[in-house]
Amino acid sequence: MAAGETQLYAKVSNKLKSRSASSLLDPLLAMGFPAHTALKALAATGRKTAEEACEWLHAHCHDPSLDDPIPQEYALFLCPTGSLLEKLQEFWRESRRQCAKNRAHEVFPHVTLCDFFTCEDQKVECLYEALKRAGDRALGSFPATVPLVLHSSISYLGFFINDSPADVIRGFAMAFATEASILADCIVKPCTKQLHLTLANKFYPHHQRTLEQLARSIQPGHSCQWTASLYSRDMRFVHYQTLKARFQYKPQNVDELTLSPGDFIFVDPTQQEEASEGWAIGTSQRTGCRGFLPENYTERASEADTWVRHRTYTFGLAMDLNSRKDGGTSGRRNGDSCPSPMSRSLSSSQVLQATIVRRSVLVVHHGERLDQIFGKSWLQQCSTPDGKFYRPDLNVPRSLPRRSNGIKDFENDPPLSSCGIFQSRLAGEALLDSGIRVTAVFASPALRCVQTAKHILEEQRIPGPPSRKDRGTREQNWRDQELKLERKLKIRVEPGIFEWMKWEASKTTPAFMTLEELKEANFNVDPEYRPAIPSSSLMPAESYEDYVDRCAVSMGRIIGSCPPDMGVILIVSHSSALDSCTRPLLGLPPRECGDFAQLVRKIPSLGMCFCEENKEQGQWELVNPPVKTLTHGSNSAFNWRNWISAS
């Protein structure tokens, strides 16, 4: 730097230190922390408070890199707020649900103003001053409305900023880069190319049309105050995968990590040779320690979830001078949104309305049933001469629930096969991974449907970690640590959504298990629920018109019994229910009987239909289910004796 710039830097630096740096640093030095580690902690926590930096230092007491002179990386983003941000976040959720995750989901909605750059820990306060000065300079000319123009290509979707507003924003970015160079001695590269707010990036080409339709619901004219936000990240883990701990884990060996819910773990996919199957080697962001962790205790997180927000500068005439010029740090580490003074002033009712999820109905076909595999005589194959149940094949479950009339009642009310149980648990895992919130469960009284509902729900739990015995550690006996939905939600048995009676082999109403028998068999059913159609009303000679009418009545009762902000209502029934229970919601008339029969025969085990309520238009819509389809092949019975004799 030139002599004049050096003097200016020294003058500003001393001023900043006397104003705020010492007030944060001195308490840490008084506690005995070395200056370089105290400054490292302040930079890593966004220089919010000395208390937060102290907590960081205590958590990192065993961090082997604590004394390494590795600075944070910083970047400046222009972030929307207000109703525009809400619409963008809704697009983020819907695009991920309907078209899977793409690169844009790694970061919150933003316009990049400068690339990531490094700054020494002792000079971070100078970056804050640089942001303030650049903001003050651009404040008078900053556009009242930033025009956004939608642009779409085969792998990119986003809003472009053009013309004079783009020039003003670029000027602000260049001013920040200049000030940061003078005050903090940083090399900052401002973005001088096309300014853009990315909506989707690197997605599958066949999703382009769906993403465009979702993007058109975002009106660029939504009210918005733009905030320039300074973020930092740990430069050592830029190309790592980020995992988030879902459950508590206490190490069983000295080389394992302690996990608390919400912890972020950095994992390098290229350095996993030492890890056993089901385990990973990673570094904890909370402690800085490295070790083994069970993968099934974690979920994938987004890149920006570990970033730290420092200072903000909000452009807007409605803001008071202090909050406009230098927003305080929040210390937030998730990148879902960039809270501004405006968002902090929202009333509690507005916050509640913003968190309400659309009411949805997920109709699921039950899993594979025993008679589907072993034929109508399956019960004879599984019975001893004295009438007791036994297991002749691995696809037969180990045991059956107790029924007052013995196992003969299973003939017309067959249970799931072992594969059917496995299918249901797979669906439960997928629903958990999808992030949807199941808040009510209804099931046909058929045992296979109640079983499917139970196994879907019981997968919403904390799993035990995989064994590491192949690495020389002792094998542990793990059990589930905390049940979730399977204990919290009661299954409401609704006979009105049972199969069309014409398709039942029995000439009488099937003998379903009673609620008492289901409870004794450990099914968490709701004894208080009063069904729309009692079991006694199911008649063998039922016509197709009667069947679709009772399904419509039952759906009316189901929807009416759930609050309007209920979330996802799970209905587990038969293949026919995917049509007969959704068409009344959609306002569609019943299909022709022949078309109906042909359609439902093609629905596989765990087939799903998903309906969402569109309150704005006062109607329900059929949308993509939250989980993928389940496809598997047949596996014929094998007799080794026949194989030997044929050789």
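What counts and what doesn't
Residues numbered from 1 in each chain as written. Predicted model: local features only at pLDDT ≥ 70, side-chain atom pairs only at ≥ 80, totals over all residues. Heavy atoms only, no water. Helix = DSSP H or I, 4+ residues; strand = E, 2+ residues; numbered from the N terminus. Buried < 20%, exposed > 50% of the residue type's maximum accessible area, 1.4 Å probe, protein only. Contact = heavy atoms within 4.5 Å. Areas by Shrake-Rupley, 256 points an atom, 1.4 Å probe, with all protein chains shown as cover. Core = buried A, V, L, I, M, F, W, Y, C linked by side-chain atoms within 4.5 Å. Pairing = 2+ DSSP bridges. Axes fitted to C-alpha atoms, helices over the stretch in contact; angles between N-to-C directions. Parallel < 35°, antiparallel > 145°, perpendicular 65-115°, else oblique. Left-handed = near helix turned anticlockwise from the far one by under 90°. Salt bridge = Lys/Arg side-chain N within 4 Å of Asp/Glu carboxyl O. Nonpolar A, V, L, I, M, F, W, Y, C, P; charged D, E, K, R; others polar. Phe/Tyr/Trp six-rings, centres within 6.5 Å; stacked < 30°, edge-to-face > 60°. Lys NZ or Arg CZ within 6 Å of the ring centre and 35° of its normal. Polar contact = N/O pair within 3.5 Å; in protein donor to acceptor, adjacent residues only side chain to side chain. Disulfide = S-S within 2.5 Å.

Per an unreviewed UniProt entry, the protein chain goes by Ubiquitin-associated and SH3 domain-containing protein A isoform X1 and derives from Castor canadensis.

**Focus on the overall build of the protein chain**
Along its length, the protein chain carries 21 helices and 18 strands. The buried share among the 647 residues of the protein chain stands at 51%. Of the contacts made within the protein chain by residues no fewer than 6 positions apart, 76% connect residues no fewer than 24 positions apart. About 31500 Å² of surface is accessible on the protein chain, with carbon and sulfur atoms providing 51% of the total.

**Things to note about the nonpolar core**
Leu127, Phe176, Leu199 and Trp226 are the most contacted members of the largest nonpolar core, which totals 57 residues. At 11 residues, the largest contribution of residues to this core is made by helix α6 (residues 163-184). With residues up to four places along the chain from it excluded, the contact list for Phe176 reads Leu76, Cys114, Phe117, Leu127, Ala130, Leu131, Ala134, Val188 and Leu230. By size, the runner-up hydrophobic cluster in this structure holds 43 residues, among which are Leu370, Ala453, Phe512 and Val627.

**A short note on the sheet that holds strand β16 (residues 568-573)**
Strand order in this open sheet of 6 strands is β15-β14-β16-β13-β17-β18, and the pairing throughout is mixed. Of all strands in the sheet, those with a lone pairing partner are β15 (491-493) and β18 (619-623), marking the two edges. Strand after strand, the sheet turns through a mean of 25 degrees between neighbouring axes, direction not considered. Across the sheet, helix α14 (residues 447-458) is in contact with β13 (360-365), β14 (438-443), β15 and β16; its angle to β16 comes to roughly 140 degrees.

**Quick look at the pairing of strand β3 (residues 149-152)**
Two elements, β3 and strand β4 (residues 156-161), share 4 bridges in a ladder whose sense is antiparallel. Across the sheet, Leu150 pairs through a bridge with Phe159, a residue of β4. The hairpin formed by β3 and β4 contains 3 residues between the paired strands.

**As for the packing of helix α2 (residues 35-44) against helix α3 (residues 50-59)**
With their axes 8 Å apart at the nearest point, α2 and α3 run at an angle of 110 degrees to one another. Here α2 lies roughly perpendicular to α3, going by the angle between them. In this structure, α2 meets α3 at a crossing whose hand is right-handed. Here Thr37, Ala38, Lys40, Ala41, Leu42 and Ala44 of α2 come into contact with α3, specifically with Ala53, Trp56 and Leu57.

**Things to note about unusual backbone geometry**
Despite not being glycine, Ala100 has its phi angle at roughly 70 degrees, a positive value. When you line up the elements, Ala100 lands in the loop between α4 (82-99) and β2 (111-119). Unusually for a residue other than glycine, Asn522 sits at a positive phi of about 75 degrees. Along the chain, the position of Asn522 falls in the loop between α16 (515-520) and α17 (544-560).

**What about the pattern of salt bridges?**
Considering all chains together, one arrives at 27 salt bridges under this definition. Asp263 is the partner of Arg286 in a salt bridge, and the nearest nitrogen-oxygen pair spans 3.0 Å. Of this pair, Arg286 sits in the loop between β9 (279-284) and β10 (290-294) while Asp263 sits in the loop between β7 (241-245) and β8 (264-267), and the two are 23 residues apart along the sequence. Residue Arg286 is classed as partly exposed on the basis of its relative accessible area, which comes to 34%. By relative accessible area, which is 6% here, Asp263 ends up buried.

**Details of the packing of helix α5 (residues 124-139) against α6**
At a minimum axis distance of 8 Å, the contact between α5 and α6 shows a crossing angle of 145 degrees. When the axes of α5 and α6 are compared, the crossing they make is right-handed. Across the interface between the two elements, Cys126, Leu127, Glu129, Ala130, Leu131, Arg133, Ala134, Gly135, Arg137 and Ala138 from α5 touch Phe172, Ala175, Phe176, Glu179, Ala180, Leu183 and Ala184 from α6. Partitioning the contact of α5 with α6 into residue classes produces 12 nonpolar, 1 polar and 4 charged.

**Focus: the packing of aromatic side chains**
According to the stated counting rule, one finds 29 aromatic pairs in the structure shown. The interplanar angle of 5 degrees and the centroid separation of 4.3 Å between the aromatic rings of Phe237 and Phe266 together place this pair among those described as stacked. Of this pair, Phe237 sits in the loop between β6 (226-233) and β7 while Phe266 sits in strand β8, and the two are 29 residues apart along the sequence. When sorted by exposure, Phe237 lands in the same class as Phe266, which is buried. Every member of this aromatic cluster is reached through a ring pair, and the members are Phe77, Phe108, Phe116, Tyr231 and Trp307. Geometry around Phe410 places Arg403 over its ring, the cationic atom sitting 4.7 Å from the centre.

**Observations concerning the sheet that holds β8**
A sheet is described by the order of its strands in space; here 5 strands give the open sequence β10-β9-β8-β7-β11, paired in antiparallel fashion. Since the sheet does not close on itself, it has two edges, and those belong to β10 and β11 (298-300), each with one partner. Taken over all neighbouring pairs, the strand axes of this sheet differ in orientation by 45 degrees on average, direction set aside. Here β7 pairs with β11 via 3 bridges, running antiparallel. From the neighbouring strand, Ala245 faces β11, where its bridge partner is Thr298.

**Considerations on the side chain of Asn102**
Along the chain, Asn102 falls in the loop between α4 and β2. Owing to a relative accessible area of 6%, Asn102 belongs among the buried residues under this scheme. Separated by 3.3 Å, the side chain of Asn102 and the backbone nitrogen of Asn201 make a polar contact. Beyond its immediate sequence surroundings of up to four residues, Asn102 is in contact with Ala200, Asn201, Lys202 and Phe203.

**Re the state of the cysteines**
Note on terminology: disulfide describes a covalent bond linking the sulfur atoms of two cysteines. Summed over the entire model, instances satisfying the criterion amount to 0 disulfides. Not engaged in a disulfide, the cysteine Cys114 finds its nearest cysteine sulfur in Cys191; these two sulfurs lie 6.7 Å apart.

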